[in-house]
Amino acid sequence: MKGIQIVATGSAVPKKVMTNDDWAKLVETNDEWIRTRTGIRERHMCENERNIDLGLQAARQALERSGIDKNELAMVIVATFSPDYATPSQACMIHEALELSASVAAFDMNAACSGFLFALKSAAALLEQEDKKYALIVGSEKISSKLDFTDRSTCVLFGDGAGAAVVTTDENAVFAADWGSLGNKEGLYCSYDKEDAYVHMDGQSVFKSAVRTMSECAEHVLAQAEISLEEIPYVVCHQANERIIKSVMKQLGGSEEQFFVNIGKYGNTSAASIPIALNELKESGAVKAGDRVLCVAFGAGFTHCGLLVTF
Ligand code: ACO
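Cut-off values and rules
- Residues numbered from 1 in each chain as written.
- Predicted model: local features only at pLDDT ≥ 70, side-chain atom pairs only at ≥ 80, totals over all residues.
- Heavy atoms only, no water.
- Helix = DSSP H or I, 4+ residues; strand = E, 2+ residues; numbered from the N terminus.
- Buried < 20%, exposed > 50% of the residue type's maximum accessible area, 1.4 Å probe, protein only.
- Lys, Arg positive; Asp, Glu negative; His and termini not counted.
- Salt bridge = Lys/Arg side-chain N within 4 Å of Asp/Glu carboxyl O.
- Polar contact = N/O pair within 3.5 Å; in protein donor to acceptor, adjacent residues only side chain to side chain.
- Contact = heavy atoms within 4.5 Å.
- Disulfide = S-S within 2.5 Å.
- Near = heavy atom within 4 Å.
- Areas by Shrake-Rupley, 256 points an atom, 1.4 Å probe, with all protein chains shown as cover.
- 1 Å grid on protein atoms, 1.4 Å probe; cavity = no way out; pocket = protein on both sides within 12 Å on 5 of 7 lines; lining within 4 Å.
- Sits in = over half its atoms within 2 Å of the grid points.
- Axes fitted to C-alpha atoms, helices over the stretch in contact; angles between N-to-C directions.
- Parallel < 35°, antiparallel > 145°, perpendicular 65-115°, else oblique.
- Left-handed = near helix turned anticlockwise from the far one by under 90°.
- Nonpolar A, V, L, I, M, F, W, Y, C, P; charged D, E, K, R; others polar.

Undergrad: What exactly am I supposed to notice about the side chain of Arg43 here?
TA: Counting through the fold element by element, Arg43 comes out in strand β3 (residues 42-44). Asp22 is the oppositely charged side chain nearest to the buried, salt-bridge-free Arg43, at an N-O distance of 6.8 Å. For Arg43, the side chain forms a polar contact with the side chain of Asn20, separated by 2.8 Å.

Dropping the structure here:
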């Protein structure tokens, strides 16, 4: 199978920045607790913005930067667990706003924080059946709409944002991916029940599972690609907790320079965290054409996915 090539990236966050000190005015917490337990210093939170505003802005940026004709897209997939509407999908709303042709398929995918990588892996397989070469993949979340602002054990951990990538598949890029789901409900859930439509989390069990499954996924991807970690300039883990990322790094025997961390600025943005990170790597010039990046994610339902992308 052809490997996944990133053609262009984009990202968007709401204007409002909420610091740890801002949270300390609302719930019994403090900057030191949040920083040392998670690495988070601040996050962006929506005021009037909707999920679609963030997703569309990131999608437009990626599409403009790609230089492709928008109707060369075979599909738009949006990964999210916090859509504005039950239906139509966020992807269909992006389709409408970008005035894409009817031959471009659009749908959402919910695999929580692993959603962007689930969408990338799916797109790579689906593109094999298509005449058109490109897919627009967006991870977009308005998690502030799913938070209990009185529950300090969850509300301080998350942020809103979106990231996007125009991708294609290329026979010169190595395809390597590993995914799965542990079918877990109690560890992390958010129901539609109006009385209780908030994120609930058993932090410690999520932490342990995240370290184990992300490390295993990364090992499987490297073995499948027949490359060593030293050959990868950057590893992008889902940004849920800096301590989780450091534990995965230790498990794999990597270095701090390799393991990208930006959770300090954004908090956990779920499906948006990996595309926001990929966009930062690209914008900063840290990755150059031909570089391979190992991405690994873990999320609610204890979904997990690792895959190699080539810039
Ligand atoms: N400020 C201050 N104290 C707090 C806060 C807070 N915001 N939140 C909890 N505490 C208190 C607790 O009440 C507890 O107090 P107690 O000892 O008096 O009972 C104490 O701090 C320790 O709580 P723990 O839950 O044991 O803290 P821990 O060190 O495990 O850190 C954390 C909690 C940060 C949530 C950690 O478990 C974690 O990161 N887990 C993984 C989270 C994660 O990855 N989630 C995202 C998954 S991805 C997705 O799909 C959305």
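Undergrad: Help me understand helix α10 (residues 273-283) in this model?
TA: Within an α-helix, residues lying three or four positions from one another point in the same direction, as the helix has 3.6 residues per turn. Of all the eleven residues making up α10, nine are buried; the element is thus mostly covered by neighbouring parts of the structure. Taken as a whole, α10 has its buried residues at Ser273, Ile274, Pro275, Ile276, Ala277, Leu278, Asn279, Glu280 and Leu281. Positioned one or two residues after α10, Gly285 has a phi angle of 80°, which is positive.

Undergrad: So what exactly am I meant to see when it comes to the environment of Asp196 here?
TA: Relative to the assigned elements, Asp196 resides in the loop between β9 (188-190) and β10 (199-201). Sequence separation between Asp196 and Asp148 is 48 residues, and the spatial gap between their C-alpha atoms is 8.7 Å. If we skip the residues at most four places from it in the chain, Asp196 touches Tyr189 and Ser191.

Undergrad: What is the right way to look at the state of the cysteines in this model?
TA: Cysteine pairs can be linked by a disulfide, which is a covalent bond between their two sulfur atoms. Going through the model one piece at a time under the given rule, you end up with zero disulfides. Free cysteine Cys46: the closest other cysteine sulfur is in Cys190, separated by 15 Å. Under the relative-accessibility criterion, Cys46 is labelled buried at 12%.

Undergrad: Looking at this structure, how should I read the site of the ligand?
TA: Around the ligand lies a shell of 27 residues, among which Thr29, Arg37, Cys113, Gln204 and Asn241 are the nearest. Between the ligand and Ala300, the relevant distance is 2.9 Å, taken from an oxygen atom to a main-chain nitrogen or oxygen of the residue. Protein coverage of the free-state accessible area of the ligand, which is 1000 Å², stands at 74%. Its atoms largely coinciding with the cavity grid, the ligand occupies the largest pocket.

Undergrad: Looking at this structure, I do not really get the packing of helix α3 (residues 51-66) against helix α4 (residues 90-97). What am I missing?
TA: Two quantities define a packed helix pair, namely the angle between the helix axes and the distance between the axes. Between α3 and α4, the least distance of the axes is 10 Å, while the angle of their chain directions is 55°. By the criterion of interaxial angle, the relationship of α3 to α4 is oblique. Relative to α4, the crossing made by α3 is right-handed. Residue-level inspection shows Asn51, Ile52, Gly55, Leu56, Ala59 and Arg60 of α3 in contact with α4, the latter providing Gln90, Met93, Ile94 and Ala97. Residue composition of the contact of α3 with α4, grouped by class: six nonpolar, three polar and one charged.

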